[in-house]
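Residues per chain are reported as follows:
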Amino acid sequence: MTEVTNKYRTMIRDYVAQGVYDTRDDFAVVMQPFLVDTKPPVKENGKPDFSYFAADCFHFSQKGQEAMAEALWNSMLEPVGQKRTEWQLGEPFECPSAEQPYFCTNKNCGLKSKVGTFGSQKSNPGSSDDNPSPASSSSYVAVVVVSVFGVCLIALLAGAVMYLRGRRVPRPEKNRLVQPDRFGAYSAIM
């Protein structure tokens, strides 16, 4: 499974690195590799801390969702080509700076990347349109924020639907071929 995951990740990374998504001022795709080398959180005794996972041990619990949201936010603020591939519990929550008040993309950071591996990047100096105006930078932020909000909203709605489905009271079957009689014995209905 790890081999398939790595192959899929490499294919996506290579496709994004071709620059197909670096042509517009109002949309960008940036790999966020903060989970690539991340290990599951552990308790003080060294055993996995399952409080970060839902009952299926695959999806994140509310606590895990909160931790991943913070890690994703921090990753989105890191420059392209310098993103961490590992996340640790207790990392400080990063904030945009005055020098970089927006999420860094290949285009707005003046980088045209040919990404070899996560965390390493070769850059080519670009033309003057590699550094967009602050107005187009704010459109990047708006697109990313709306995208993240949309994903969170969909996850919330899916969770609510699953929760409500789990609480559903079973309905009696309408067309049962076998029904109990008044003494509790079952007989076939012909």
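Note that this is a predicted model, so its numbers are computed, not measured.

Cut-offs applied
Residues numbered from 1 in each chain as written. Predicted model: local features only at pLDDT ≥ 70, side-chain atom pairs only at ≥ 80, totals over all residues. Heavy atoms only, no water. Helix = DSSP H or I, 4+ residues; strand = E, 2+ residues; numbered from the N terminus. Buried < 20%, exposed > 50% of the residue type's maximum accessible area, 1.4 Å probe, protein only. Areas by Shrake-Rupley, 256 points an atom, 1.4 Å probe, with all protein chains shown as cover. Salt bridge = Lys/Arg side-chain N within 4 Å of Asp/Glu carboxyl O. Contact = heavy atoms within 4.5 Å. pLDDT = per-residue confidence, 0-100. Core = buried A, V, L, I, M, F, W, Y, C linked by side-chain atoms within 4.5 Å. Expected span 1.5 Å × (residues − 1). Phe/Tyr/Trp six-rings, centres within 6.5 Å; stacked < 30°, edge-to-face > 60°.

Trainee: How should the overall build of the chain be read in this particular structure?
Mentor: Scanning the chain from N- to C-terminus turns up three helices and four strands. Each helix and strand of the chain, ordered N terminal to C terminal, gives the series α-α-β-β-α-β-β. Here the chain holds 190 residues, and the buried ones make up 22% of them. Counting only carbon and sulfur atoms, one obtains 61% of the accessible surface of the chain, whose full area is about 14,000 Å².

Trainee: I tried to follow the pattern of salt bridges on my own but got confused; where do I start?
Mentor: All told, the structure shown has six salt bridges when counted by the stated rule. R84 is paired through a salt bridge with E91; the nearest N and O atoms lie 3.2 Å apart. Taking relative accessible area as the criterion, R84 reaches 36% and is therefore assigned partly exposed. According to the relative accessible area criterion, E91 is buried, its value standing at 17%. Each of E78, R84 and E91 takes part in salt bridges that share partners, so that together they form one network.

Trainee: Help me out: how do you make sense of the side chain of D49 in this one?
Mentor: Structurally, D49 is set in the loop between α1 (2-17) and α2 (62-77). Here D49 falls in the buried class, since its relative accessible area comes to 13%. Apart from residues lying up to four places away in sequence, D49 is in contact with P41, V42, K43 and K63.

Trainee: Help me out: how do you make sense of the confidence of the model for the chain in this one?
Mentor: Predicted coordinates in regions of low pLDDT should not be interpreted in detail. Overall, the prediction assigns the chain a mean pLDDT of 74, with 64% of residues at 70 or greater. No element of the chain has a lower mean pLDDT than strand β2 (residues 121-123), which averages 36, and none a higher one than α2, which averages 91. Across residues 112-137, confidence stays below pLDDT 50; counting only partners more than four residues off in sequence or on other chains, it has 46 contacts.

Trainee: Would you mind going over the nonpolar core with me for this structure?
Mentor: Judged by nonpolar contacts, F34, Y52, A67, M68, A71 and W87 together constitute the single largest core of six residues. What W87 contacts, discounting residues up to four positions off in sequence, is F34, T38, P41, A67, M68 and A71.

Trainee: Is there a simple way to think about α2 in this case?
Mentor: In an α-helix there are 3.6 residues to a turn, and that puts residues three or four apart on one side. Helix length check: α2 (16 residues) gives 23 Å between terminal C-alpha atoms against 22 Å at 1.5 Å per residue, within 8%. Among the residues of α2, those classed as buried are G64, A67, M68, A71, N74, S75, M76 and L77.

Trainee: Hey, could you run me through the environment of E78 in this one?
Mentor: Note on placement: E78 falls in the loop between α2 and β1 (113-115). Separated by 46 residues in the primary sequence, E78 and Q32 have C-alpha atoms spaced 9.2 Å apart. Apart from the residues within four sequence positions on either side, E78 is in contact with K83, R84 and C104.

Trainee: In this structure, what is going on with the packing of aromatic side chains? I would like to understand it.
Mentor: The geometry of two aromatic rings is summed up by the distance between their centres and the angle between their planes. For the structure shown, the criterion picks out five aromatic pairs. Considering the side-chain rings of W73 and F93, the 6.1 Å spacing of their centres and the 5° angle between planes classify their relative orientation as stacked. With W73 in helix α2 and F93 in the loop between α2 and β1, the pair connects residues that are 20 residues apart, well separated along the chain. When its relative accessible area of 25% is taken as the criterion, W73 is described as partly exposed.

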